[in-house]
Amino acid sequence: MADSSFDIVSKVERQEVDNALNQAGKEISQRYDFKGVGASIAWSGEQIEIRANSEERAKAVLDIFQSKLVKRGVSLKVLDSGEPQLSGKEYRLVSSLKEGISQEDAKKVAKIIRDEGPKGIKAQVQGDELRVSSKSRDHLQEVIALLKGKDFDFALQFVNYR
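Residues numbered from 1 in each chain as written. Predicted model: local features only at pLDDT ≥ 70, side-chain atom pairs only at ≥ 80, totals over all residues. Heavy atoms only, no water.

(A) Structural detail: the pattern of salt bridges. Overall, the coordinates contain 17 salt bridges when judged by the stated rule. With its nearest N and O atoms 3.5 Å apart, the salt bridge here joins K108 to D105. On the criterion of helical spacing, the pair formed by K108 and D105 is a turn pair, its members being three residues apart in helix α3 (residues 103-116). Take K108: its relative accessible area is 48%, and that puts it in the partly exposed class. One network of salt bridges, with partners in common, ties together E27, R31, D33 and K68. (Salt bridge = Lys/Arg side-chain N within 4 Å of Asp/Glu carboxyl O. Helix = DSSP H or I, 4+ residues; strand = E, 2+ residues; numbered from the N terminus. Buried < 20%, exposed > 50% of the residue type's maximum accessible area, 1.4 Å probe, protein only.)

Structure below.
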C-alpha cells in the first residue's frame, strides 16, 4: 500500500483579506468616532496602510481590521503590523502579510513531529512547505492533532491530504 501524506503550508487567502479590508473601510467611514479625522485603510502595493490623525485612532483602525479578519476566518498570525509612525500631520501604520514557512520554522515543526509524533512518520521540507507522510492515515491524523495543539508564531494549514 502506498504512503498517505499531507502538506503543511502557511498561506493567506488573499480574497478574504481583501473582503475584511473593505468591510473595515466601510465601518470606518460610517462610525461617528471616525468622522472628520482622516482615518483610512487601504492596500499600498503588497502591504496594508492605515492612516489617521492620532496614534490611538490608527491603532483603533487596526483593531477593527483585525476583528474583520477573525470573522472571515483568517488567522491574525499572518498579519505583521508595525507601530504607528508620524508622517507629516498624520500617523501611518503599515502591516504586511506573512506567507510561507521559513526553513528554520519548518525544521522546528519537523523536529516536533519526530520527537512527539508516532513512529514511522516522515517529514520533508519542500521549499516553503512541509510534506508529512506515513503508511497509516491514523498516524497522520495524530500529527495534525499534535500540531494544532502547539502554539506557533505563524499560521498553519493542512492541505493535500491523501
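Right, picking up where we left off after that structure.
(B) Structural context of the packing of aromatic side chains. Under the definition given, this model contains three aromatic pairs. Here F6 and F158 contribute two aromatic rings whose centre-to-centre distance is 5.8 Å and whose plane-to-plane angle is 75 degrees, an arrangement assigned as edge-to-face. Here F6 is found in strand β1 (residues 4-9), whereas its partner F158 is found in strand β9 (residues 157-159), with 152 residues between them in sequence. What makes F158 partly exposed here is its relative accessible area of 24%. Taken together through their ring pairs, the aromatic side chains of F6, F158 and Y161 make up a single cluster. (Phe/Tyr/Trp six-rings, centres within 6.5 Å; stacked < 30°, edge-to-face > 60°.)

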